[in-house]
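Architecture and fold: a report
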Amino acid sequence: MVLQLHVWGPAFTLPSIDAQCLAAIAYCSLVLPKDSWELVASSDPSVSPAGELPALQNGSAWVSRFRNIVDYLRQYSDGAWDLDWQLDESNRADNTAFASFVESRGQSLIDLSLYVSSQNYYNNTSPAYGSLLQWPNQWVLPPKLHGAAKARTEHLGLSSLDLQAMEEHRQREHSAAVAAGKIPKNLIQRPRDTVSNLLGRSSSQNHFRLEALTADFFEPLEAMLGQKTYLLSSKEEDLPSSLDCIALGYLSLALVPELSFPWLRDAMRAKAPLLSAYTERLRRRCFGDVPVEVAHAFSPQSAPPSPLPWRAPERISVVTVGSTLLATLADSTPFLSEIRRNNRLKQAAEDSDLSSTEKRAVSMHVDSSKKDMYVSIAAAVGGVAALVGYMLHVGLIGNQEQEVEEEVEEIPDFEAISASNFLGL
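Figured I'd write up the structure that's included with this text.

Calculation criteria
Residues numbered from 1 in each chain as written. Predicted model: local features only at pLDDT ≥ 70, side-chain atom pairs only at ≥ 80, totals over all residues. Heavy atoms only, no water. Helix = DSSP H or I, 4+ residues; strand = E, 2+ residues; numbered from the N terminus. Contact = heavy atoms within 4.5 Å. Expected span 1.5 Å × (residues − 1). Buried < 20%, exposed > 50% of the residue type's maximum accessible area, 1.4 Å probe, protein only. Polar contact = N/O pair within 3.5 Å; in protein donor to acceptor, adjacent residues only side chain to side chain. Pairing = 2+ DSSP bridges. Right-handed = clockwise from strand over helix to strand, strands pointing away. Axes fitted to C-alpha atoms, helices over the stretch in contact; angles between N-to-C directions. Phe/Tyr/Trp six-rings, centres within 6.5 Å; stacked < 30°, edge-to-face > 60°. Salt bridge = Lys/Arg side-chain N within 4 Å of Asp/Glu carboxyl O. Disulfide = S-S within 2.5 Å. Parallel < 35°, antiparallel > 145°, perpendicular 65-115°, else oblique. Nonpolar A, V, L, I, M, F, W, Y, C, P; charged D, E, K, R; others polar.

A closer look at the side chain of Arg283
Inspection of the secondary structure puts Arg283 in helix H10 (residues 273–287). Here Arg283 is in contact with Thr13, Leu14, Leu248, Val256 and Gly288, once residues within four sequence places are set aside.

Written out as structure tokens, the structure reads:
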């Protein structure tokens, strides 16, 4: 049975636009024989039962997320496909700790760079998704991913990187000032701020925060790498570990893309030159020397030779289109969206490496949330029914036609009034 790894497709000369997918591709390219797996740029999370990419398919079995894929390959091969076999107990602990560090800190920086920064999102990221996705996903998924990235980074206080949000906020404040009478209406409105003006202000406001965030991410990894070949090795002949794969996923998206506002790449080159060289070296080993293009994934027969076993994704079917549209409608409906969110949370907990107690706690939370939602629905329906019943009882609904008829009957017949009577003669 040939394994299939489903991922988000190529972008920025990398084999995927997603860090977790890049990590999974790197791991499979290092540990799996080339004829034992295929790489499919499906770019559609709905292909996986969990609704997530990357997703490894082995017949009817599906595994999502990088860490789960690593565990599955180790168990499926009885340890033969395990990059971490050479790690001792201390290195295994470092592997787990630094992998969590890379994922948490790296995801925030990638979100800020590719999605929250307006110049990069509209000039680079959104067009990249447009070349990957088929209709209707090309109109549905990018805004959803954009909104999710903004929500994940909201706590960092760097929303001013989103120039569109800044301008909308400025217009709301201006409208509120006009409504409150603080600005005379006869004054001409200020000209709309240009992108360069907004960018200049946001750069000065965010400079120190970005400096701190990038330093907190790059400097510990730079110190950990030192003069070693890989993050957890000290010998030239040592193999990379799963930590190197997850690091490559996030670091390559920080270093490689040519963006309109390359603040993250500039920070990495300045703060972590050793880490930058390590990323380039590992990228060539895992993904090849030739820059990856979208055509490599969608037309592998006509593309130049690649070390990655690309297989063209299947064309989207009518059923899939309908399912996508229905899912989009459901996510836009308040109660249905909460049901789907609870189901995804429960499924994610089941697929994760949480303990049985933690999984049971998540399940109880989801069940409690569902009960609260059903109570809210019942209360809303009951309230509407009571209001309608009251209106029927007091005659606000049933007697409207009768009142209109009585008013019509009270209107005098002007045709029966003579001119003399009307004038009082």
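So much for the structure itself; the text now carries on.
Concerning helix H1 (residues 19–31)
The terminal C-alpha atoms of H1 lie 18 Å apart, and with 13 residues this matches the ideal 18 Å at 1.5 Å per residue to within 8%. Buried residues dominate H1, accounting for eleven of its 13 residues. Lining the buried residues of H1 we find strand S1 (3–6), strand S2 (37–40), helix H2 (66–76), helix H3 (89–116), helix H8 (242–255) and H10. Backbone nitrogen of Gln20 and a side-chain oxygen of the N-cap are separated by 3.1 Å at the start of H1; the cap is Asp18.

Re the pairing of S1
Side-chain alternation along S1 places Leu3 and Leu5 on one buried face and Gln4 and His6 on a second face that is also buried. By the bridge criterion, four bridges tie S1 to S2 in an arrangement that is parallel. Of the residues in S2, the one forming a bridge with Leu3 is Trp37. The β-α-β motif built from S1, the intervening H1 and the parallel element S2 has right-handed crossover chirality. Where S1 and strand S3 (residues 55–58) come together, three bridges link them in antiparallel fashion.

A look at the sheet that holds S2
The five strands lie next to each other as S4-S3-S1-S2-S5, forming an open sheet whose pairing is mixed. Unpaired on one side and paired on the other, strand S4 (61–64) and strand S5 (310–311) mark the two borders of the sheet. Here two bridges tie S2 to S5, and the two strands are oriented parallel to one another. Bridge pairing in S5 links Val40 to Arg311. Where H1 meets the sheet, it contacts S1 and S2, and its direction lies at approximately 160 degrees from that of S2. Sitting on the sheet, H2 touches S1, S3 and S4, and the angle it makes with S4 is about 135 degrees.

Brief notes about the packing of aromatic side chains
Aromatic ring pairs are described here by two measures, namely the spacing of the ring centres and the angle between the planes. Under the defined criterion, the tally for this structure stands at ten aromatic pairs. With centroids separated by 6.3 Å and ring planes inclined at 75 degrees, the aromatic side chains of Phe98 and Phe101 adopt a geometry described as edge-to-face. Separated by three residues within a single helix, Phe98 and Phe101 lie in helix H3, roughly one turn from each other. Relative to Tyr121, the ring of Tyr115 lies with its centre 6.4 Å away and its plane at 40 degrees, an arrangement referred to as tilted. Through a chain of ring-to-ring contacts, the aromatic side chains of Trp8, Tyr115, Tyr121, Tyr122 and Tyr129 assemble into a single cluster.

Some thoughts on the pattern of salt bridges
Within the structure shown, the criterion is met by seven salt bridges. Its salt-bridge partner being Arg311, residue Glu38 comes within 3.4 Å of it at the nearest N-O pair. Of this pair, Glu38 sits in strand S2 while Arg311 sits in strand S5; the two residues are 273 residues apart in sequence, bridging distant segments of the chain. We classify Glu38 as partly exposed; its relative accessible area is 24%. Looking at Arg311, the relative accessible area reads 36%, which means it is partly exposed. Among the ionic pairs, Arg74 bridges to Asp71, the shortest N-O distance being 3.0 Å. Here Asp71 and Arg74 lie together in helix H2, a separation of three residues that amounts to about one turn. On the accessibility criterion, Asp71 (21% relative accessible area) is partly exposed.

What to know about the environment of Ala99
Residue position: Ala99 is located in helix H3. According to the relative accessible area criterion, Ala99 is buried, its value standing at 3%. The sequence separation of Ala99 and Cys245 amounts to 146 residues, and the corresponding C-alpha distance is 9.4 Å. In contact with Ala99, other than residues within four places in its own chain, are Arg67, Asp94, Leu243 and Ile246.

Focus: unusual backbone geometry
Residue Leu53 is joined to Pro54 through a cis peptide bond whose omega torsion reads 5 degrees. Turning to its location among the elements, Pro54 is positioned in the loop between S2 and S3. Positioned with a positive phi, Thr13 is a non-glycine residue whose angle comes to about 65 degrees. Of the residues examined, Thr13 reaches a relative accessible area of 32% and is grouped as partly exposed.

Quick look at the state of the cysteines
Under the criterion given, the structure shown has zero disulfides. The thiol of Cys245 is unpaired, and the distance to the nearest cysteine sulfur, on Cys286, comes to 5.7 Å. Given a relative accessible area of 1%, Cys245 falls into the buried group.

Considering the packing of H3 against helix H4 (residues 118–132)
Orientation of H3 relative to H4, taken along the N-to-C sense of each, is 85 degrees, at an axis distance of 6 Å. The angle between H3 and H4 places the two elements in the roughly perpendicular class. Judged by residue contacts, Ser113, Leu114, Tyr115 and Val116 of H3 engage Ser118, Asn120, Tyr121, Thr125 and Tyr129 from H4. Residues belonging to the contact of H3 with H4 are distributed by class as follows: five nonpolar, four polar and no charged.

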